[in-house]
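# Examining the three-dimensional arrangement
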Amino acid sequence: MDFTFTEEQQAAVEAAKAVFGPVAPDSVPSPALTPGAVADDFDRALWSKLNDADLLSLLLAPERGGAGLDAIALCLVLRESAKALARVPLLEHTATAVAVQTYGSDELKEQILPRAARGELVLTAASAGRTGHDPAQLAVSARRDTDTWILDGTQTGVPWAHNADHIAVPAHTPQGRTVIAVLPHPHEGLSLAEQISTTGERLGELHLDSVRLDPHQIIETDEAWDRLHQLLTTGTCALALGLGERVLRMTGDYTSKREQFGYPVATFQAVAVQAADRYIDLRAMEATLWQAAWRISTQADGALPTAGDIAVAKIWASEGVRRVVQTAQHLHGGFGADTDYPLHRYHAWAKQLELSLGPAAAHEETLGDLLAAHPLG
C-alpha cells in the first residue's frame with residue numbers, strides 16, 4: 001500500500017502555502033473587541049490570489065477549467081488555509097461546485113461552473129438545518145407545482161451567505177426524497193437575517209417564503225446531498241487539523257522561549273507531557289481525516305459505509321481541536337488571552353469548528369448504529 005500523496009496533490013499544497021503563507025491571522029479586528037461582525041465581506045484580495053493559483057477550481061474537471069483533483073487535495077489545501085485563519089469560502093464554494101458538476105443539469109452547469117471556476121461567482125451551502133441539530137434537509141420543504149418548484153423553510157448559520165451569489169439548500173419533498181436547490185442570491189422570497197459566529201464572521205439565517213425555482217435549478221439525484229454533506233464535513237475536519245497544528249507549533253515556540261527558574265518551560269516534564277498528548281491528538285485527527293477523504297475520493301468499499309469513516313474523523317476532530325487549544329491556552333498562561341497575540345483568535349475559530357462538527361458523543365452514537373447494522377465479521 002502507498003500512503004504518499006501524489007505529485008499533483010503535493011503541488012496543490014505548495015501552491016496553497018505560497019498563497020496562505022503571507023496571510024496575517026490578525027488582519028481584521030478581533031472578535032473579542034468587536035460587538036458585531038469583524039468585517040462585512042470575506043477577504044476578496046485573498047480570493048483573487050486563490051484564483052490566480054488555480055485553487056478555486058481544484059476539483060473541477062479539466063474541461064470545466066479545473067485541475068480534476070480529489071477530496072484529498074482539497075483537504076490538503078484547507079489544512080493550510082486554517083493555519084492562517086483564511087477568511088474565504090473555499091470549502092463551501094468548492095464542495096457546491098463539485099455537486100453541480102456531478103449532479104446538476106447541463107443548463108445549471110453552464111450557468112455556474114465557468115464563472116465559479118474563475119471565482120467570479122461565489123457559492124456556499126446551507127448544512128446546519130433549522131436549529132443546528134436537526135438534519136439540514138428537514139428544515140426546508142420543496143414541492144413541484146407544474147413547471148416550477150416551490151420552497152419554504154428556514155436554514156440557520158449559513159456561512160458567507162450575505163456575500164454568496166448562489167446558495168445550495170437541501171430540502172425534502174412530500175415523497176420523502178432530498179433535493180438540492182441552487183438558489184441565486186438575491187431572489188424573490190429569499191431573505192437573510194444576520195448572525196455572528198464565534199469567530200466574529202457574518203452568518204446568515206436563511207428564510208424561504210414560497211421561493212420559486214425552475215426545474216434546472218434543482219438537483220434531484222438521491223445521493224447528491226449525502227455526497228455534498230460528506231465533503232463539507234470532511235473539509236471541516238481538515239480545517240480543524242490545520243488549525244490545531246498551527247496552535248501546537250505556536251505553543252512549542254512560546255514554551256521554548258519562556259523561562260522559569262532559569263530554564264525554558266518546555267523542558268519541564270508536566271509541559272512536555274501535555275504537549276505530547278496534544279501531538280497524539282493531532283496524529284489521530286490526521287489519520288482519520290485521510291481515511292475519510294480517501295473513501296470519499298475513491299468510493300472504495302469498506303467494512304462500514306463511508307459515513308462510518310467520516311464519523312470517526314469527526315469524533316477526533318471535534319474533541320481534538322478543543323483539547324489542543326485548551327492546552328495551548330494553559331501553557332501560554334495569561335499571554336494566551338492577550339488580544340494583541342493571535343492565540344485567542346485561533347481559540348475562537350477552534351470553538352466554531354467544534355460547534356460546526358457537533359459533539360463527539362453524537363458521532364459515537366452514529367458509529368454505534370452503523371456497527372450494529374453492519375456487523376464486522
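Structure shown above.
Report on the accompanying structure.

For helix H9 (residues 343-357), spanning 15 residues, the distance from its first C-alpha to its last is 21 Å, which sits close to the expected 21 Å at 1.5 Å a residue. For H9, a buried count of eleven out of 15 residues is recorded, marking the element as mostly surrounded by other parts of the structure. Buried within H9 we find Leu-343, His-344, Arg-345, Tyr-346, Ala-348, Trp-349, Ala-350, Gln-352, Leu-353, Glu-354 and Leu-357. The secondary structure elements touched by the buried residues of H9 are helix H3 (71-83), strand E7 (202-213), helix H6 (224-257), helix H8 (306-332) and helix H10 (360-373). Within two residues after H9, Gly-358 carries a phi angle of roughly 90 degrees, on the positive side.

Time to look at the pairing of strand E2 (residues 140-145). In this sheet, strand E3 (residues 148-159) lies alongside E2 in antiparallel orientation, the contact comprising six bridges. Bridging from a neighbouring strand, Arg-144 pairs with Trp-149 of E3.

Going from His-185 to Pro-186, the amide bond is cis rather than trans, its omega being 5 degrees. Along the chain, the position of Pro-186 falls in the loop between strand E5 (178-184) and strand E6 (190-196). Even without a glycine there, the phi angle at Asp-54 is positive, about 60 degrees. Positionally, Asp-54 belongs in the loop between helix H2 (44-52) and H3. One non-glycine residue with positive phi stands out, namely Thr-146, at about 50 degrees. If you trace the backbone, Thr-146 turns up in the loop between E2 and E3.

Right, let's get into the pattern of salt bridges. Scanning the model with the defined rule gives 23 salt bridges in all. A salt bridge links Glu-120 to Arg-115; its shortest N-O distance comes to 3.6 Å. Among the ionic pairs, Arg-283 bridges to Glu-286, the shortest N-O distance being 2.9 Å. Residue Arg-283 and its partner Glu-286 are both found in helix H7 (residues 269-298); the two are separated by three residues, about one turn of the helix. Ionic contacts of the salt-bridge type, sharing partners, join the residues Arg-278, Asp-281, Glu-319, Arg-322, Arg-323, Lys-351 and Glu-354 into one network.

It is worth spelling out the nonpolar core at this point. Formed by 107 residues in total, the largest nonpolar core has its most connected members in Phe-20, Leu-151, Leu-208 and Leu-243. Counting residues per element, this core draws most heavily on H6, which supplies 14 residues. Leave out the neighbours within four places in its chain, and Leu-151 touches Val-140, Ser-141, Ala-142, Ala-171, Ala-181, Leu-208, Asp-209, Ser-210, Val-211, Leu-213 and Ile-218. Counting residues in hydrophobic clusters, the runner-up holds six residues, among them Leu-304, Ile-315, Leu-367 and Leu-370.

So, about the packing of H6 against H9. Remark: H6 packs on H9, axes separated minimally by 10 Å, with the N-to-C direction vectors making an angle of 155 degrees. Comparing their axes, H9 and H6 come out roughly antiparallel. Handedness of the H6/H9 crossing: left-handed. Each of Thr-233, Thr-236, Cys-237, Leu-239, Ala-240, Leu-243, Arg-246, Val-247 and Met-250 in H6 lies in contact with H9, whose residues at this interface are Leu-343, Tyr-346, Trp-349, Ala-350, Leu-353, Ser-356 and Leu-357. Across the contact of H6 with H9, the residue classes tally to twelve nonpolar, three polar and one charged.

When you line up the elements, Ser-210 lands in strand E7. Along the backbone, Ser-210 and Ala-67 are 143 residues apart, and their C-alpha atoms lie at a distance of 38 Å. In contact with Ser-210, other than residues within four places in its own chain, are Ile-150, Leu-151 and Asp-152.

Calculation notes
Residues numbered from 1 in each chain as written. Predicted model: local features only at pLDDT ≥ 70, side-chain atom pairs only at ≥ 80, totals over all residues. Heavy atoms only, no water. Helix = DSSP H or I, 4+ residues; strand = E, 2+ residues; numbered from the N terminus. Expected span 1.5 Å × (residues − 1). Buried < 20%, exposed > 50% of the residue type's maximum accessible area, 1.4 Å probe, protein only. Contact = heavy atoms within 4.5 Å. Pairing = 2+ DSSP bridges. Salt bridge = Lys/Arg side-chain N within 4 Å of Asp/Glu carboxyl O. Core = buried A, V, L, I, M, F, W, Y, C linked by side-chain atoms within 4.5 Å. Axes fitted to C-alpha atoms, helices over the stretch in contact; angles between N-to-C directions. Parallel < 35°, antiparallel > 145°, perpendicular 65-115°, else oblique. Left-handed = near helix turned anticlockwise from the far one by under 90°. Nonpolar A, V, L, I, M, F, W, Y, C, P; charged D, E, K, R; others polar.

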